[in-house]
Amino acid sequence: MLNYIIRRLVNMTVLIVIVSFVGFFIIQLPPGSILDVQLTKIRERGGDISREQVAALRVRYGIDDPFTVRYWKWITRSLQGDFGTSYETDQSVGERIWNRLGFSVGLSTFALLFTWLVSIPIGVYSATHRYTVPDYIITAVQFVGLAIPGFLLALVLLIIATNLNAIEVGKLFSDEYVDAPWSFAKLVDLGRHVYIAVIVLAVGATAGLTRIMRANLLDVLNMQYIQTARAKGLDEAVVIWKHAVRNAIQPLVMALGSLLPALIVGETLVATVLSIPTIGPMYLTALRIQDMYLAGTILVILSFLLLIGNLIGDLLLAWVDPRVRYE
Amino acid sequence: MTNSHTATSQDDVVRVEDLKVSFYTDLGVVRALNGVSFNIPRGKVLGVVGESGCGKSITGLSIMQLVHSAGRNEGGRILFREFADGESINILDYERNSAEMRGIRGNNISMIFQEPMSSLNPCYTVGNQIEEAILLHQTQDAVEASKRAIDILTKVGMPNPARIASSYPHELSGGMRQRAMIAMALSCTPTLLIADEPTTALDVTTEANILELMRKMQEDIGTSIMFITHNMGVVAQICDEVAVMYLGRIVERASVDDIFYEPKHPYTIALLQSIPRLGRSKGRLASIEGSVPDPYSRVSGCPFHPRCPVAISGVCDSVVPEETVVDAAKGHTVRCHLYT
Amino acid sequence: MSADATNLPTTKAAVEDVGQIPQWQLMVRRFRRSRLSVIGLYFLIVLYVLMIFSDFLAPYDHNKLDSNYAWAPPSKVAIVDGQLVTFKLKQTLDEVRFEWFYTADETQPLPIKFFVKGYEYRFLGIIPMDIHLFGVEEGYQINIIGADKDGKDVFSRLLKGSQISLTLGFIGVLISVVIGSVVGTASGYFGGAIDNLIQRLIELLRSFPDVPLFLALAAALPPGVKVEVRFFLITLIIALIQWTGLAREVRGKVLSYRNSDYTAAAVAAGASHWHIITRHLLPNAMSHIVVVGTLAIPGAIGSETALSFLGLGILPPAVSWGVMLRDAQTVEAITSYPWMLLPVAVLIVTVFCFYLLGDGIRDAVDPYA
């Protein structure tokens, strides 16, 4: 088991290095250098820059350095927690990201828990009652859940909530709680502001997972060991929940790794519609205005989260399925 | 009628009478069992032999009431008598998932399957899976259950029972897994063990070991066995009596000696001729003409007549032969127009 | 005679011999059984037919502006003097809310004409035509669904948008299916170093969260290119991100078939790699590939919409459903001009139908599911 974890960790480290490299490559992709963006901005403000100043800026941004040198500068600074300076606000990238990332992760984790708690029982029910009316209804609802784009659902719920005066748009906290220390009341207040986002995020993921759960369970129910379990005289409920679900749940565990970052990302559109200040809208803005240091850093951080998620998924899988441990 | 086959008044563990099971699929109705009747004498090993798709496994599963839910029971009785002096109960009177039925499964009647690789749950240790049955039917005490599990593992000849109990199925070989399955099936000392091709997936050496083990366990515990197989060689090794099945019917029923030395039904004869024998390798090995008919269609008359070398035209293709007693003393019966 | 004998006789002719039916016909039969999927298929056929005839069906060019028709509601249609007509619009200022609103002027009917000359287009991209199914007198507009903030006809835009929205995701998946199948087969069949290399590459690509990677690549596209080029590039991005999943699935399948006895038999018979792959492995994996592909289409369509919605995908003046949704982002727009949400409805129907279709195919090709 320890061996397995170490192997996974080494693998992950290597991947992170390569990912950061590719991530930086993408940062450099957009046409026009960082300098052009900066110059345009200064000119827009009405400023005029001399040739010497331009040359100084070139050195500062390392425009003339080869790719590897620029990468090295970026990555060493990033490792020291200095992710460069956003062109847009001249504010430290690191600071801006951490503020929002926390909320994104929190929101997504919450949605994830919700998803799991809902989709497993529904998937089991759907599989064990295949081709019955409830199964058809569940299937139909799932498809609707999958087919409705999250941001539209967000919009509709937002309209309903606004009409009912049930939500304050555009922030995470009411004014009186913004600077207050964490307390239960503050948490409730946060919930009041983000519940639509949680619902929207959970609906799509739940629909998908329920579907997977149903399909897996149907596969597993055809396995010989299910018949063995029945032949022992076990109650059908025990057969399903002890013997079948434990085996059917593995892909769900594996999906856990990718689901967390997927939720963080899925929240991009939803948060844009709901004007919730999380990492998603920030990433989008950065891309739109070609603030590539910010965008690239977020991309690498998200990849990092994905890898961590995968690692957690793998470890959980090893815990659930004894076969994995000995591979 | 059809249940007159055993003239000897012996004690049967299970008596199946005119069992009919059909499957309703998208492509049509499959009549898997067309009135199967046979008995399993107490303390004996009954071999049920036939080609793939003849209904052997469905018969076994029917006794456990574990036929896939698409299969419908369309008549017949399955009488089970736990003790020689006890009352018979009709298993089909119980609901599939009723407490009574579950009380029988694994406790009075247990079953082992063909694929040792997939018949154990990969997520639980072998010990855990054996204890599960013991805890269900025998004792509530977990410590006692685990002790009994190791006991039974010792009995089935596991070299290191305590270690095996804490192993996962994927850590064991096919033969070991089948031993574990047998241990699980026998953990509650059942009256009847249904073994559905338990050695088909194993190599010959392992097969011999497992058969020997089953024979030994059968003698030790006194369990009756219904041994489903397509292999006549295996039948010769383990069975006391044999029922030959063809297309959802028992076509011949006799003692193992009679089946091999006095076969009556043309199908049984053909089956025996298709076994390769050492020292007699002159010419091609005989095979049965044609193949098993499409399961969705029905054959009129004797189901074997399209492939039968001695079919009587005008009779075999229109009238279903009834069960005929060939030798009442030995309980030898056959369903063939040649003997009516 | 026993009871059995009277029950059993059934002529063989009355029963179909199922064993004789080819595999694909059995699949069609099983597919037909899931009615929802059949309905989905029919809906998709209708949508794609509408898309092919979209220029003919659309009364106006998708970018034709008319400030007199800004936010015009759906046109009222009536029969006056035995003729199908709509009405000219009267603009009035709501003095309380300070907003223009429109009423149909029932005294001024506008006859709806059929097969009228309108803007020029190329049918199927080849045949130049200028005939449209319907229209009204020059200078006026009929907006059967309504108009957007610039007075562009939403119905015409919806039709035109389908040309991108219904094809981009589809082609993207098609490309990814080809890449995924080829790479997956190569990886699974040849194994060894090739497999290792491909698997590492896939692992690397999958280390990036797909949507952010998607957004980053889209943002890196050169801004000033022609619509067709941008369409093509976005298709490529979709394919680039989607093929990895498919390649993994195909590899898994190929690997299991590779180790099967019939492959061993083919190898023993001296069959070439090409023969084994094309005659034994791919046909077996094909049903699986089709299912995964079909189920990937709705995601790809959704991706295009999301990208365009965010302003990183298809850009105006080109129009796709995602582009149209940009106008439906705010609560105000939707409550005042609900017809702006129609692209969403069409999009949901499309995606829904593809899911149903894929689900039906999966059930049809897998007899045990």
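Keep in mind the model is a prediction, meaning the values are calculated, not measured. Per chain, the residues get numbers from 1 upward, laid out in the order the sequence is written. Chain letters and ligand numbers both follow the written order, the letters beginning at A and the numbers at 1. With pLDDT at 70 or above as the cut-off, local features in this predicted model cover only qualifying residues; side-chain atom pairs require 80 or more to be listed or tallied, and sums for whole chains, interfaces and linings still use all residues.

Regarding the overall build of chain C
Phase 1: Secondary structure elements are taken from DSSP: a helix is a run of H or I of four residues or more, a strand is a run of E of two residues or more, and numbering for both begins at the N terminus. From N to C terminus, chain C includes 13 helices and five strands.
Phase 2: The C-alpha radius of gyration of chain C comes to 27 Å, more than 25% above the 21 Å expected for a compact globule of 369 residues.
Phase 3: Structurally, chain C occupies a C-alpha span of about 85 × 70 × 40 Å along its principal axes.
Phase 4: Neighbour counting defines burial: a residue surrounded by 20 or more other C-beta atoms within 10 Å of its own C-beta is buried, one with 12 or fewer is exposed, and intermediate counts give partly exposed, using backbone-placed C-beta atoms. Counting over 369 residues, chain C shows a buried share of 39%.
Phase 5: We call two residues in contact when their backbone-placed C-beta atoms lie within 7 Å. Pairs at least 24 apart in sequence give 69% of the contacts found in chain C among residues at least 6 apart. Here the radius of gyration uses the C-alpha set of atoms, whereas the globule reference equals 2.2 Å times the residue count to the power 0.38.

Quick word on the overall build of chain B
Phase 1: Looking only at helices and strands, one finds ten helices and 13 strands in chain B.
Phase 2: Taking 20 Å as the expected radius of gyration for a compact globule of 340 residues, we find that chain B reaches 20 Å, a close match to that expectation.
Phase 3: Across the 340 residues in chain B, those meeting the buried criterion constitute 48%.
Phase 4: Sequence separation of at least 24 residues holds for 64% of the intrachain contacts in chain B that already meet a minimum separation of 6.

Some details on the packing of helix α10 (residues 273-309) of chain C against helix α13 (residues 342-365) of chain C
Residues and elements named next belong to chain C.
Phase 1: Axis lines are fitted through C-alpha atoms, for helices just across the contact stretch, and the angle between N-to-C directions can take any value from 0 to 180 degrees. At a closest axis distance of 8 Å, the pairing of α10 and α13 adopts a crossing angle of 170°. Comparing the axis directions of α10 and α13 gives the class roughly antiparallel. Crossing geometry of α10 relative to α13 is assigned as left-handed. Along the contact surface, α10 presents Ser287, Val290, Val291, Thr294, Leu295, Ile297, Pro298, Ile301, Gly302 and Thr305, while α13 presents Leu347, Thr350, Val351, Phe354, Tyr355, Leu357, Gly358, Ile361, Arg362 and Val365.
Phase 2: Residue classes in the contact of α10 with α13 are distributed as 13 nonpolar, six polar and one charged. Put simply, angles under 35 degrees are roughly parallel, angles over 145 are roughly antiparallel, angles from 65 to 115 are roughly perpendicular, and the rest are oblique. When the near helix sits turned anticlockwise from the far one by under a right angle, the crossing is termed left-handed; a clockwise turn instead gives a right-handed crossing. Each residue receives one of three labels: charged for Asp, Glu, Lys and Arg, nonpolar for Ala, Val, Leu, Ile, Met, Phe, Trp, Tyr, Cys and Pro, and polar for the others, Gly being one of them.

Focus on helix α6 (residues 133-147) of chain A
Residue and element names in this part refer to chain A.
Phase 1: Under the 1.5 Å per step criterion, the end-to-end length of α6 is 21 Å for 15 residues, consistent within 8% with the ideal 21 Å.
Phase 2: What α6 keeps buried is the set Ile138, Thr139, Gln142, Phe143, Leu146 and Ala147. Looking straight down α6, one finds that the buried residues subtend no more than 165° of arc, so they occupy a single side. For α6, the exposed residues set more than 90 degrees away from the buried face come down to Val133, Pro134 and Ile137. A helix is expected to span 1.5 Å for every residue after the first. Note: the arc covers the axis-to-C-beta directions of the helix.

Overview of the sheet that holds strand β3 (residues 99-111) of chain C
All names here are of chain C.
Phase 1: If you trace the three strands from one edge of the open sheet to the other, you get β1-β2-β3, paired in antiparallel fashion. Looking at strand neighbours, the two that pair on one side only are β1 (77-80) and β3, the edges of this open sheet. Across the sheet, the mean angle separating the axes of adjacent strands is 40° when strand polarity is ignored. Strands were regarded as paired on the criterion that DSSP finds at least two bridges between them.

Focus on the packing of helix α5 (residues 154-190) of chain C against α13(C)
Residues and elements named next belong to chain C.
Phase 1: Between α5 and α13, whose axes approach to 11 Å, the crossing angle comes to 35°. Where α5 crosses over α13, the handedness of that crossing is right-handed. Contact residues: α5 offers Val154, Leu158, Gly161 and Leu166, while α13 offers Leu342, Pro343, Val346 and Thr350.
Phase 2: Across the contact of α5 with α13, the residue classes break down as six nonpolar, two polar and no charged.

Considerations on the interface of chain C and chain A
Phase 1: On the chain A side, the residues contacting the 31 residues of chain C number 35 residues.
Phase 2: Mapped onto the side of chain C that touches chain A, the elements with two or more residues apiece are α6 (192-206), α7 (210-219), α10, α12 (331-336) and α13 of chain C.
Phase 3: The dominant element in the side of chain C that touches chain A, judged by the number of residues it contributes, is α13(C), at six residues.
Phase 4: Its residues assigned to classes, the side of chain C that touches chain A comprises 24 nonpolar, six polar and one charged.

Side note on helix α9 (residues 224-231) of chain A
Phase 1: Most of α9(A) is tucked away: seven of the eight residues are buried.
Phase 2: Against α8 (184-221) and α10 (236-248) of chain A together with α1 (56-64) and β7 (109-112) of chain B lie the buried residues of α9(A).
Phase 3: Just past α9(A), the residue A:Gly233 takes up positive phi, approximately 95°.

Remarks on the sheet that holds β7(B)
Residues and elements named next belong to chain B.
Phase 1: With respect to topology, eight strands assemble into an open sheet ordered β7-β8-β9-β3-β10-β11-β13-β12, the strand pairing being mixed. Every other strand in the sheet has two partners, leaving β7 and β12 (323-327) as the edge strands with one partner each. Each adjacent strand pair in this sheet contributes to an overall mean axis angle of 20°, direction not counted.
Phase 2: Bridge count for strand β3 (residues 45-49) against strand β9 (residues 224-229) is five bridges, and the pairing is parallel. Counterpart to Val45 in the pairing with β9 is Ile225.

Focus: the confidence of the model for chain C
All names here are of chain C.
Phase 1: Known as pLDDT, the predictor's confidence for each residue is given on a scale from 0 to 100. Summary statistics for chain C give a mean pLDDT of 81 and a share of 92% for residues scoring 70 or more.
Phase 2: Mean pLDDT per element in chain C: helix α1 (residues 3-7) is the minimum at 38, and helix α3 (residues 35-52) is the maximum at 91.
Phase 3: When the criterion is pLDDT under 50, residues 1-15 qualifies, and its contacts beyond four places in sequence or with other chains add up to 21 contacts.
Phase 4: Scoring the predicted complex yields pTM 0.74 and, for the interface, ipTM 0.85.

So, the nonpolar core
Phase 1: Ranked by internal contacts, the top residues of the largest apolar core, which has 242 residues, are A:Ala154, A:Ala197, A:Ile298 and B:Phe227.
Phase 2: Considering every element that reaches this core, the biggest residue donor is α8(A), with 14 residues.
Phase 3: With residues up to four places along the chain from it excluded, the contact list for B:Phe227 reads B:Val45, B:Leu46, B:Gly47, B:Val48, B:Ala195, B:Ile238 and B:Cys239. A set of buried Ala, Val, Leu, Ile, Met, Phe, Trp, Tyr and Cys residues, joined to one another through C-beta atoms within 7 Å, is what we call a nonpolar core.

Observations regarding the environment of A:Ile159
All names here are of chain A.
Phase 1: Looking at the element boundaries, Ile159 is found in helix α7 (residues 150-163).
Phase 2: Ile159 sits in the partly exposed class, given 14 other C-beta atoms within 10 Å.
Phase 3: As a C-alpha pair, Ile159 and Val200 span 41 residues in sequence and 14 Å in three-dimensional space.

Examining the pairing of strand β4 (residues 113-123) of chain C
Residues and elements named next belong to chain C.
Phase 1: Sheet topology note: the β4/strand β5 (residues 127-135) ladder contains seven bridges and is antiparallel. Bridged to Val116 within β5 is His132.
Phase 2: The antiparallel pairing of β4 with β5 creates a hairpin that spans three residues between the two strands, and Leu124 there sits at a positive phi of about 60°.

Describing unusual backbone geometry
Phase 1: Omega for the bond connecting C:Pro316 with C:Pro317 falls within 30 degrees of zero, at 10°, which places this linkage in the cis form.
Phase 2: Mapping C:Pro317 onto the fold places it in the loop between α10 and α11 (321-325).
Phase 3: Backbone geometry at B:Glu197 places phi at a positive 45°, although glycine is not the residue there.
Phase 4: Among the secondary structure elements, B:Glu197 is positioned in the loop between β8 (192-196) and α7 (204-221).

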